[in-house]
Amino acid sequence: MATGTPDSQARFGQSVKGLLTEKVNTCGTDVIALTKQVLKGSRSSELLGQAARNMVLQEDAILHSEDSLRKMAIITTHLQYQQEAIQKNVEQSSDLQDQLKHLLK
């Protein structure tokens, strides 16, 4: 190549310079794409961490709700027993009132 004409050396230099510029541009584009992917991956792990924290909070809320539902079921059962007892007392009081009226006649 050193024995070539100055014109051919200039063309070869321009060709090499063009190829180098193209490769540098391609590498720059690849670095930008890689950086974006790394940032996206970093953001994904942040989002996964936040989703895991939210899931733990939701799990606690669900457990609390289940506990509340169990307590409400117990209260409902007690209220039913009380309602039945009141109903029996009302029936007995009606019978007693009838007996009292009969005795007072």
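Use the structure listed above.
The model shown is predicted, which means the values in this text are computed figures rather than measured ones.

Q: Can you walk me through the overall build of the protein chain in this structure?
A: On a plain count of helices and strands, the protein chain comes out with one helix and zero strands. Computed over C-alpha atoms, the radius of gyration of the protein chain comes to 44 Å, more than 25% over the 13 Å expected from 2.2 N^0.38 for 105 residues, which places it beyond the range of a compact globule. Overall size of the protein chain, expressed as C-alpha extent along the three principal axes, is 145 × 20 × 10 Å. Within the protein chain, the fraction of its 105 residues that count as buried is 0%. In the form shown here, the protein chain has an accessible surface area of approximately 9800 Å², with 63% of it arising from carbon and sulfur atoms. Within the protein chain, the 12 negative side-chain charges are centred at a point lying 10 Å from the centre of the 12 positive side-chain charges.

Q: Please explain the environment of Ala 10 as it appears in this structure.
A: Position of Ala 10 among the secondary structure elements: in helix H1 (residues 6–104). Once the C-alpha coordinates of Ala 10 and Asp 98 are considered, the two residues, 88 residues apart in sequence, prove to be 128 Å apart.

Q: Please explain the pattern of salt bridges as it appears in this structure.
A: For side chains bearing opposite charge, pairing can occur when the charged atoms are close. Enumeration according to the criterion identifies two salt bridges in this entry. Here Asp 67 ties to Arg 70 by a salt bridge, and the two come within 3.7 Å at their closest N and O atoms. On the criterion of helical spacing, the pair formed by Asp 67 and Arg 70 is a turn pair, its members being three residues apart in helix H1. Of the residues examined, Arg 70 reaches a relative accessible area of 49% and is grouped as partly exposed. Close ionic contact of Lys 71 with Asp 67 constitutes a salt bridge, the shortest N to O distance being 3.4 Å. Here the residue Lys 71 and the residue Asp 67 both occupy positions in helix H1, the gap between them amounting to four residues, near one helical turn. If you follow the salt bridges from partner to partner, you end up with Asp 67, Arg 70 and Lys 71 in one network.

What counts and how
- Every residue gets a number counted from 1 within its own chain, in the order that chain's sequence is written.
- Given that the model is predicted, a residue must reach a pLDDT of at least 70 before its local features are reported, and side-chain atom pairs must reach 80 or more before they are shown or counted; all residues, however, enter totals for whole chains, interfaces and linings.
- No hydrogens and no water enter the side-chain calculation; it runs on all heavy atoms of the structure.
- A helix here means a DSSP run of H or I that spans at least four residues, while a strand means a run of E at least two residues long, and both kinds are numbered starting from the N terminus.
- The globule rule used here is 2.2 Å times the number of residues to the 0.38 power, and the radius of gyration it is set against is calculated over C-alpha atoms.
- In this scheme, a residue with accessible area under 20% of its type's maximum is buried, one over 50% is exposed, and one in between is partly exposed, where area comes from a 1.4 Å probe on protein chains only.
- Areas reported as accessible are Shrake-Rupley estimates using a 1.4 Å probe. Residue values count occlusion only from the protein chains shown.
- Charge convention: Lys and Arg are scored as positive, Asp and Glu as negative, and His as well as the terminal groups of each chain are ignored.
- Taken as the charge location is NZ of Lys, CZ of Arg, CG of Asp or CD of Glu.
- By convention in these notes, a salt bridge is any Lys or Arg side-chain nitrogen within 4 Å of a carboxyl oxygen on Asp or Glu.

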